[in-house]
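Residue-level listing of the chains:
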Amino acid sequence: MSREMRRLGTLYRLTRLLAVGMQDSSLLRTILKEALRLTGGRGAQVLLLKPDRKTLLAYVDAGDRLIDGEEIPADDYPWADVIRAGKVARLRSRPAAADPQAEAHDVTLGIPLLARGGVLGILTLGELSEAWAKPDREPFLETLADMAAHALHNSTLDRDRLRRKPPLPP
């Protein structure tokens, strides 16, 4: 199967999970795992922007756990650039491996989670190959981040709806 077909198949599966209302943390983990599988990256996480817009909260990583309590100042480099610009940013890079034939995994990308015109947080993909850090691959990675953002947005709407729902009569 071609790479393009694998990417389209991944988007199709993830879109179906989003449409059926899969729990946001489970869907986010699935998105992160699929992104790592396709890109060959070695780490991924979702950082949520708190309402004060001054702090990022580590929410979920590609493992099987929710990350709880780790807070990161949102105005620190490189996070502020991703949040302010609302665009994919190269966060850090290590020197390429000594072996020029080896494909170096040296790039970490920060991809904004955009929904309803605002940045909800950042999806990070770590230790990507240079091939996946090129601008022509950004639309696919942004699509994955958009799915994650909409899962978070839908979850927020659902929580708000449940809070406003009148209690059942006794």
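Given the structure is predicted, the values throughout are model-derived calculations rather than measurements.

Student: Please explain the overall build of the protein chain as it appears in this structure.
Tutor: For the protein chain, the count of helices and strands is 4 helices and 6 strands. Scanning the protein chain from its N terminus toward the C terminus, one meets helices and strands in the order α-α-β-β-β-α-β-β-β-α. Pairs at least 24 apart in sequence give 53% of the contacts found in the protein chain among residues at least 6 apart.

Student: Would you mind showing me how to read the pairing of strand β2 (residues 55–61) here?
Tutor: The two faces of the sheet receive side chains in turn, since in a regular strand these alternate between them. Across the 7 residues that make up β2, a large majority, 6, are buried. Where strand β1 (residues 43–49) hands over to β2, the hairpin turn is made up of 5 residues, of which R53 adopts a positive phi near 60°. Bridge analysis of β2 against strand β3 (residues 71–73) gives 3 bridges, and the strand direction is antiparallel. Its bridge partner being in β3, L57 is matched across the sheet by E71.

Student: Hey, could you run me through the pattern of salt bridges in this one?
Tutor: Proximity of charged atoms lets side chains of opposite charge pair with each other. Summed over all chains, the structure comprises 4 salt bridges. Notably, a salt bridge pairs R37 with E34, separated by 2.7 Å at the nearest N-O pair. Highlighted residues: R37 and E34, both in helix α2 (residues 24–39), separated by 3 residues, approximately one helical turn. Between R42 and E127 there is a salt bridge, with the nearest N and O atoms lying 3.6 Å from each other. Within this pair, whereas R42 is found in the loop between α2 and β1, its partner E127 is found in strand β6 (residues 118–129), the two being separated by 85 residues in sequence. Take R42: its relative accessible area is 54%, and that puts it in the exposed class.

Student: Quick question: what am I supposed to make of the pairing of β1 here?
Tutor: Extensive coverage of β1 is indicated by the burial of 6 of its 7 residues. Sheet topology note: the β1/β6 ladder contains 6 bridges and is antiparallel. Bridge pairing in β6 links Q45 to T124. Both β1 and β2 contribute to a ladder of 5 bridges, which runs antiparallel. Pairing of Q45 across the sheet is with D61, part of β2.

Student: For this particular structure, what's the right way to read the nonpolar core?
Tutor: One broad trend across soluble globular proteins is that nonpolar side chains are buried collectively. Core analysis: the biggest nonpolar cluster contains 35 residues, and L123 and L125 have the highest contact counts within it. Elements that contribute at least two residues to this core include exactly α1 (3–19), α2, β1, β2, β5 (105–115), β6 and α4 (138–164). Ignoring sequence-local partners within four residues, the contact set of L123 consists of I31, L32, Q45, L109, G110, I111, L113, A145 and A148. In this structure, L56, I72, A89 and I122 belong to the second largest nonpolar core, which totals 13 residues.

Conventions we followed
Residues numbered from 1 in each chain as written. Predicted model: local features only at pLDDT ≥ 70, side-chain atom pairs only at ≥ 80, totals over all residues. Heavy atoms only, no water. Helix = DSSP H or I, 4+ residues; strand = E, 2+ residues; numbered from the N terminus. Contact = heavy atoms within 4.5 Å. Buried < 20%, exposed > 50% of the residue type's maximum accessible area, 1.4 Å probe, protein only. Pairing = 2+ DSSP bridges. Salt bridge = Lys/Arg side-chain N within 4 Å of Asp/Glu carboxyl O. Core = buried A, V, L, I, M, F, W, Y, C linked by side-chain atoms within 4.5 Å.

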